[in-house]
Amino acid sequence: MPSKQNLVVIGNGMAGARAVEEILARGGRDLFNITMFGDEPYGNYNRILLSNVLNGSQEESEIFLNPLEWYRENGIILHVGVYAESILRRSKCVLGCDGTIEPYDKLIVATGSQSFVPPLEGLTLPDGRYKPGVFVFRTLDDCREIAEYARGRGRAAVIGGGLLGLEAARGLQNFGVKVDVIQFAPYLMNQQLDPQAAAILKTIMERMGVGVLLGKNTTAVLGEEAVSGLRFADDTSLGCDMVVIAAGIKPNAEIAARCGLSVQRAILVDNQMRSIDDPEIYAVGECAQHRGNVYGLVAPLWEQAKVLADHITGHKPDAAYHGSKIATKLKVMGVEVAAMGITEAADERDEIVQFTEPKKGTYKKLIIRDGHLAGAILLGDISKAAYLMQAFDRGTPLPEDRLSLLFDIGAPAKQVTVQELPPDAQICNCNGVNKAAILACVNGGCHSPKAVMEKTRAGMGCGSCKSMVTEIVEWACDGKLEEDPSVHYYVPGVPLTKPDLIKACREQNLKSVSAVFQVLAGGKEDAASKPGLASLLNTIWAGEYVDERDARFINDRVHANIQKDGTFSVIPQIPGGVTTPDQLRRIADAAEKYNAPMVKLTGGQRIDILGIKKEDLPNIWRDLDMPSGYAYAKRYRTCKSCVGTDLCRFGVGDSTSLAIKIEQHLQGIDAPAKLKLATAGCPRNCSEAMVKDVGAVAVEGGRWEIYVGGAAGSHVRKGDVLCVVDSHEDVLKYTARFIQYYRENAKYLERTYGFVERIGIEKIRSVIVGDSEGIASRLDDAINESIAAYKDPWKEAYNPVTPNQFSSLLPVLQ
Amino acid sequence: MTVVAPLSAIPAGEGRTFLVSGKRIAVFRTRSDEVFATQADCPHKAGPLADGLLGGTTLVCPLHSWKWDLASGEPLMASCPLETYPVHLDSEERIVLTLNSE
Amino acid sequence: MQLSISETHCPYCALQCGMTLVSEGGETSVRSRDFPTNRGGLCQKGWTSAELLYHPERLRTPLLRAKRRDALQPVSWDEALDYISTRIKSIQEQFGRDAVGVFGGGGLTNEKAYLLGKFARVALRTSQIDYNGRFCMSSAAAAAIKAFGIDRGLPFPLADIPHAKTILLTGSNAAETMPPVMQYFHAQAKNGGSLIVVDPRRTPTASAATLHLQITPGTDIALANGLLYLAMKEGYLDERFILTRTTGFEQVRGVVARYWPDRVERITGIPEKQLAYAARLLGEAPSAMILTARGPEQQSKGVNAVLSFINLALALGKAGQPYCGYGCLTGQGNGQGGREHGQKADQLPGYRKLDNPEHRAHIAKIWNIPESDLPRPGRSAYEMLAHIGEGDGLRALLVFGSNLAVSAPRAGFVQQRLEALDLLVVSDFFLSETAQLADIVLPCTQWAEEEGTLTNLEGRVLHRRRAVPPPADVRSDLEIIAELATRLGCQSAFPTQPQDVFEELRRASAGGPADYSGITYERIDREQGVFWPCPNENHPGASRLFLDRFATPDGRARFHPVQHLPAAEEPDAEYPLYLTTGRIMQHYQSGAQTRRVPQLQEAAPEAFVEIHPSMARFYGISDGDRVRLSTRRGTTIAKARLTPAIRFDTLFVPFHFAADGRANLLTNPALDPVSRMPEFKVCAAQIQLEIS
């Protein structure tokens, strides 16, 4: 491997650092010992974001590209804050202001540029320093000083109405100073805009309180110790406390000029970014002049760095830079501006597409040359900038439809009704079904969404289009829609809705599940329908119900909750969660005797003895000698409560004894789904009464709020207040009435939260409290009948109702 | 041939589990007094099939509601069939079962 | 009449929807099945999949041609297998072991993938084995391993998706490629979540999104870095997470500083406002997921593209936390399992590495061969094919479950290479475009005729059951492999019963990153699939990964600074438009199966190209015209489909179609340096009216 060459880079700005990065990316570390001179005491930073720092939208730290460590890590020697004084081409070395001498084999000049400061009278103090209040807008330090000085000042002037000038103005406004922009040219941003656009921009800026003076040639800075104003060639003047000079850039090319390289506005370079005079010396960025252009933007500078790196490392010896396409975007005073390429048509072959809406501050102009975008100006609405800039950069052929270049058309269509949908509109993506196919299916005789879905498979994928399909079918059937009736059956096995089913059972005196199948289902038994029917018949007939045990789910046959291993969980009744040492003793003994693997406190304030064998159930019940807690059935389960008034500091109502009353009243009542209740002694809701099927919450003045339809399971819902009552008795009355109404009207397995949402609390309140349907007393009678019919099922321990009811394994006869 | 039990040992529409020569077997009696016999434990998670719900000759496991046809043992909503055993009522209304091995 | 009901899974994509197959007297129909992945839903492909059984074109006997020009003739299995083994032997004697290669597929079951890898290394003792997953998931896989230390498509179950506040879904048209999965995204929307979809086309998926970023093909890294820049600017970073659970953020900070919004807008074509909105949706969400699919992955910088999105997720602290994480929506049916058990050039079962001494030792022991007999890593899929005919290139190739002639990049060239082989053996159940080039075609059992396990995009190992008996003279790949191994005089065992193979796979994977040792067929059935890693039978299986630590040695996730680079081929004056390729709802991969299902073929009969109406007008093309698409690699004829849903500067062609409709005649085989993934998703093309 040949020994490394010395590569020296003068300048540590975006250009220099970027060039070095590109070189490293091409294995430059093995080719060169790299040394850099940087006259700013930082690692390099992203100059194009400077204005963000000035206007406070970004932190300084955020715009640094490479922290100082980066140089170490990459074995780069960086002379921080050392200004390169001269290049000695004959001895091929660079002299630093601190006396450093760095010999080079290859040299990169990336000295960047400085603000162009017009020769103004009174710009400096006698000692040559800028007069206090005079600033250029260029470096991080400039930003800091400007910000520092601006605080508490009244008025600032910005010399220069170009991109940088306007950004400075925008920054200054944030410090609450009144800003005037002074532009030498006849209109603002003359590099990027045309007079029309500039005029609109001017109006907007003036509306925002920024003064704009056009065609003004500044001649002097006024003020003795500090800036007090400006004077212009036309002898007019302007008072101000500070002046920021942003009148363009002046490439730092002296060092190159002094060592005999050709310099016009900047160092002249060839397509490899080499000085046209010296193949060992490259120049990149704002100090380089390529085909007459000096670029002050980041994109071109990076393109140059790539080519330079490709060439200097030999990675691509034939790499060449052919100039950059210039596009800029900025926000001035809240006005968004995007500009690219040429601003005026070169000749009549150029096609111009234009749209103006001065009132709104909108201006759009495209210049199209043989089908490709040659230039564009967007003001106000720049929504198409992203696309246009790409078309401009990449020279993609432009769509014929010019309008679409200026405006977003063909954007997602607004919501249309199913009638409006075209026949070929895709309805179901999963199964590629369009509207026409659905209509055909309907005309083919399918008149229910369900049927159509099964036939066409629409909606049978991710299911998201089901509602859409239903809509279309409904519309297509207009009127003769037969929606699938089965969804309304109370149980799948009997083709009747709940009201019809109740009616039929009453009229035809059907008191057993088997009778219902016989009469109403053509004798066809359906296992899944049995428990639902059992529960309903019990609701209808209470005492007269003919109980057939095979219709019950196993839990209801043996009055305990079956566990995954086939054993059962036993939960005795403990009203209000209030128990006694004696009960606890019995529970403990029983748990031991039947060696329950686990004894657990339940969420319903009871005690669960788990892992009991089926055949032991009767025995444990006898030993416990407590009633069933019904913790296994679609019935009233429990009523949780807090300590209430007895001992609690906050209690305003006696929740415990109310809970006990409720339990003794409603114990064992069966329902379409389980019922979990609670009472709370105050709105602190310790017993979670607001999220129960029914909950009573004590409020000031000894009153009770009754909540219904709460849930805190997989579904969480705060209950709705049914009514507020004055006594325990009323709580019992309305709770029972509500529950009977729920028993009669809820779908099987529909919890109260679903029921209340479906019926609506207003309706329910009017029926239960306002007796709007005049059924209140009937409801009360009905529930009382069921209450009267209550038997503790655990008494079956003494006389089982079916043969071998509790045996899990039987011997054979012979 | 095993005489399992009198028909009356099983309530109509329910099942019971019997120990037949060391093997646990579920025997069912439909409401129309037909009898069937299958393996005792659900192949899914060993649920006690005899505790399941019956609808005609459809059996539903109490644990996860897998379904079979008692007559054939074929799954109606499950992954695998049930082992079934020939079983009938003798003149004295007793349930008589034949283990496949016999 | 015997009625049989089997609960199994769909033959197609990585979602592996559960389905019930009901067979009665030579008729089989698909019924819905409530399975945790699809919850009963199926797409048109799934509903019609039973058509593949009893298909008239089904191969039923081995076919052989002695000379390339001859037509394929039916022969007996013994003839076919003897012929293959003799040819292989002589080729290996003459040109060395590596002159014979094996090409597998991401659709093969875990058992097949495993046995195929073993066959190549133990029976053929060749280093030359790879598979079509290389064209599918390899970039995401490589990136995930770099960043997290392990590669599992999703580090969480699908059921978590509805609970993520914001989801960034990039380069996936799930609504068409795995439709039933959309239910989870709809649920997420119902929960008030936001979905950001990144795609050059306004696909059905994009239409369902809160925000659609219509990105320029091949600029994903700029987008991800740009979003991270904004996140930094707006203070959305989770510094605590970065500090405690990751390493390497500082370098990323430096790189990302270069991606300020208007630069990113200019590269990606996505308006600044949308970038800012996207950053806000991600940054302000308590939980977020970032999901990639083939879009960013199938690029010559696919690994970096995925890494850039992982960086974003990590910096926002949206990984290794509940309802957060980076995930890849795997494509092929067993894309996940297929890449874990050794049909990959550099890899051994259990996601072990072929260049890791301990890994080699472990597997050598399981296969009881001396470790030294194990070959070294071989060439990647495309390279293996491209080198055919060259000095050290392949002379013979055995293809299982893949249709290269359609699915490989630069397919025209690949077809030539295949034709240059001395011996091409293809095992398939239809006469695929690749089988048509073969010297020997072996008819193998398909999906519902055989048993096996697959691992879906969640890392859930599934049991595919046999629903119908295969045709008389058809054999399973396992049997074929075993037969060949014996004929090649290999002493090692090659079980032919799936469950036996799985038992061996369990042992082989034990202790590896993808540890299956705790998984059994019984458990899979009982638990509706089991997630790997699952190191022992009492282990529940890991449905969620990384919640406490990442799978790296120090438990921390790794940042990787990545830069945007132009695509390997950018549009220019000659080829002025972007071309991107992908899938449509009716077809799967090379279409070898779906093009034989009448309903699907009717719905999507031929190749088409999507073009923007006003761009079409520029070329004088109207809807339905036959157009000629060309790139530097080839030409495709397709029907023009005008749609405003695609970018002005971009063309889209689905890759399912054969003959001169092959999208892959156009695609660019520029490979990712790490994953060796070809650049399917972006190249430069020209379009003109076909004058016929």
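What counts as what
Residues numbered from 1 in each chain as written. Chains lettered and ligands numbered in written order. Predicted model: local features only at pLDDT ≥ 70, side-chain atom pairs only at ≥ 80, totals over all residues. Heavy atoms only, no water. Helix = DSSP H or I, 4+ residues; strand = E, 2+ residues; numbered from the N terminus. Rg over C-alpha atoms; globule rule 2.2 N^0.38 Å. Buried < 20%, exposed > 50% of the residue type's maximum accessible area, 1.4 Å probe, protein only. Contact = heavy atoms within 4.5 Å. Areas by Shrake-Rupley, 256 points an atom, 1.4 Å probe, with all protein chains shown as cover. Lys, Arg positive; Asp, Glu negative; His and termini not counted. Charge placed at Lys NZ, Arg CZ, Asp CG, Glu CD. Expected span 1.5 Å × (residues − 1). Pairing = 2+ DSSP bridges.

(A) Inspection of the overall build of chain A at higher detail. Assigned secondary structure in chain A consists of 26 helices and 41 strands. Taking 2.2 N^0.38 as the reference for a compact globule, 814 residues should give roughly 28 Å; the C-alpha atoms of chain A span a radius of gyration of 44 Å, well beyond that estimate. Per-residue burial over chain A gives 54% buried out of 814 residues. Relative to all contacts within chain A whose residues are 6 or more apart in sequence, the contacts with residues 24 or more apart total 61%. Counting only carbon and sulfur atoms, one obtains 52% of the accessible surface of chain A, whose full area is about 34100 Å². Positive and negative side-chain charges of chain A, numbering 91 and 101 respectively, have mean locations separated by a distance of 3 Å.

(B) Representation of the overall build of chain B. Along the backbone of chain B there are zero helices and 11 strands. Secondary structure elements in chain B, listed N-terminal to C-terminal, are β-β-β-β-β-β-β-β-β-β-β. C-alpha atoms of chain B, sized along the principal axes, occupy 35 × 30 × 20 Å. Counting all 102 residues of chain B, 59% fall into the buried class. A separation of at least 24 residues holds for 35% of the contacts in chain B among residues at least 6 apart in sequence. Total accessible area on chain B is roughly 3800 Å²; 52% of this is exposed by carbon and sulfur atoms. In chain B, 8 positive and 12 negative side-chain charges are present, and the distance between their average locations comes to 7 Å.

(C) Examining helix α2 (residues 77-95) of chain C more closely. Residue and element names in this part refer to chain C. Its 19 residues give α2 an end-to-end C-alpha distance of 26 Å, which sits within 8% of 27 Å, the value for a rise of 1.5 Å per residue. Of the surrounding secondary structure, the elements contacted by the buried residues of α2 are β6 (100-104), α3 (110-124), β16 (396-400), β17 (423-428), β18 (440-443) and α20 (477-487). One or two positions beyond α2, positive phi appears at Gly-96, with a value near 95 degrees.

(D) Highlighting the sheet that holds strand β32 (residues 598-601) of chain A. Residues and elements named next belong to chain A. Pairing is antiparallel in the open sheet, where four strands are placed in the order β30-β31-β33-β32. Lying at the two open borders of the sheet, with one neighbouring strand each, are β30 (561-562) and β32. Two strands pair when backbone bridges link them, and β32 and strand β33 (residues 607-612) are joined in this way by four bridges, in the antiparallel orientation. Residue pairing across strands places Met-598 opposite Leu-610, the latter belonging to β33.

(E) Spatial organisation of the environment of Pro-597 of chain A. With respect to the element layout, Pro-597 of chain A can be found in the loop between α20 (581-593) and β32. Excluding its chain neighbours within four sequence positions, the residues that come into contact with Pro-597 of chain A are Leu-610 and Gly-611 of chain A.

(F) Representation of unusual backbone geometry. Cis rather than trans, the peptide bond between Trp-532 of chain C and Pro-533 of chain C has omega equal to -5 degrees. Of note, Pro-533 of chain C is situated in the loop between β21 (530-531) and β22 (557-558). The phi angle at Arg-291 of chain A is positive, at roughly 45 degrees, despite the residue not being glycine. Structurally, Arg-291 of chain A can be placed in the loop between β20 (288-290) and α10 (298-312).

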